[in-house]
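Notes for the structure review
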Amino acid sequence: MIKFILVLLLSTSFVIGDTEFAEPAPSIVEPRKIVLSIKSADDEEINHVLSSANNVLKFYGPENVNMRIVAYYHGIRALLKKEKAIASRIDAMMQVNVEFVACANTMRTKGIKDDELIEGTEIVTAGIVEMIERVKDGWVNIVP
């Protein structure tokens, strides 16, 4: 009986609380600005970034988030049309206005042509510079 009471007391001492929003709270007028990067060609790592981004969208609501996902180095693979499983996830995220960005320097180095990318992908000169500029502009860089 004492063990039962002890377990009950210990289990009730953990309280689950809601996340408190920083001011201003996220809204259509004041969306959270989030930038993530994909720099690995590994399926698990690519899917981890996409899942993390999806979790953020679910929590805040896509209407309360501006999100850019920048692919460079080996991560450019995530934005190739031929990668069907990944492409379908990216297309779904584009439907809720997540912006996907490809690094032109990486594309040139790897011999990737514009038409090999998923339709709707934005191309910037340098992916890493895109990350720097978004952070400098107040975007939060999430590294899952």
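Before reading on, note that the structure itself is shown above.
What you see is a predicted model, and the numbers here were worked out from it, not measured in a lab.

Time to look at the nonpolar core. Formed by 28 residues in total, the largest nonpolar core has its most connected members in Ile38, Leu50, Met67, Ile69, Ile90, Met93 and Phe100. Elements represented by at least two residues in this core include exactly β1 (32-38), α2 (43-60), β2 (65-71), α3 (84-94) and β3 (99-103). Residues in contact with isoleucine 38, not counting those within four places in the same chain, are Ile46, Val49, Leu50, Ile69, Val70, Ala71, Tyr72, Gly75 and Ala78. Membership of the second largest hydrophobic core comes to eight residues, among which are Val35, Val124, Met131 and Trp139.

Let us look at the packing of aromatic side chains. The tally for this structure, following the rule as stated, stands at one aromatic pair. The interplanar angle of 85° and the centroid separation of 5.2 Å between the aromatic rings of phenylalanine 59 and tyrosine 60 together place this pair among those described as edge-to-face. You can call tyrosine 60 partly exposed: its relative accessible area is 23%.

For tyrosine 73, which is not glycine, the phi dihedral falls at a positive 55°. Backbone geometry at asparagine 97 places phi at a positive 70°, although glycine is not the residue there. Here asparagine 97 is to be found in the loop between α3 and β3.

What follows concerns the side chain of glutamate 130. With respect to the element layout, glutamate 130 can be found in helix α5 (residues 127-136). What makes glutamate 130 buried here is its relative accessible area of 10%. Contact partners of glutamate 130, with chain neighbours within four places excluded, come to Arg68, Val70, Val101 and Val124.

Criteria and cut-off values
- Residues numbered from 1 in each chain as written.
- Predicted model: local features only at pLDDT ≥ 70, side-chain atom pairs only at ≥ 80, totals over all residues.
- Heavy atoms only, no water.
- Core = buried A, V, L, I, M, F, W, Y, C linked by side-chain atoms within 4.5 Å.
- Buried < 20%, exposed > 50% of the residue type's maximum accessible area, 1.4 Å probe, protein only.
- Helix = DSSP H or I, 4+ residues; strand = E, 2+ residues; numbered from the N terminus.
- Contact = heavy atoms within 4.5 Å.
- Phe/Tyr/Trp six-rings, centres within 6.5 Å; stacked < 30°, edge-to-face > 60°.

Take it as geometry only, folks, not as evidence of what the structure does.
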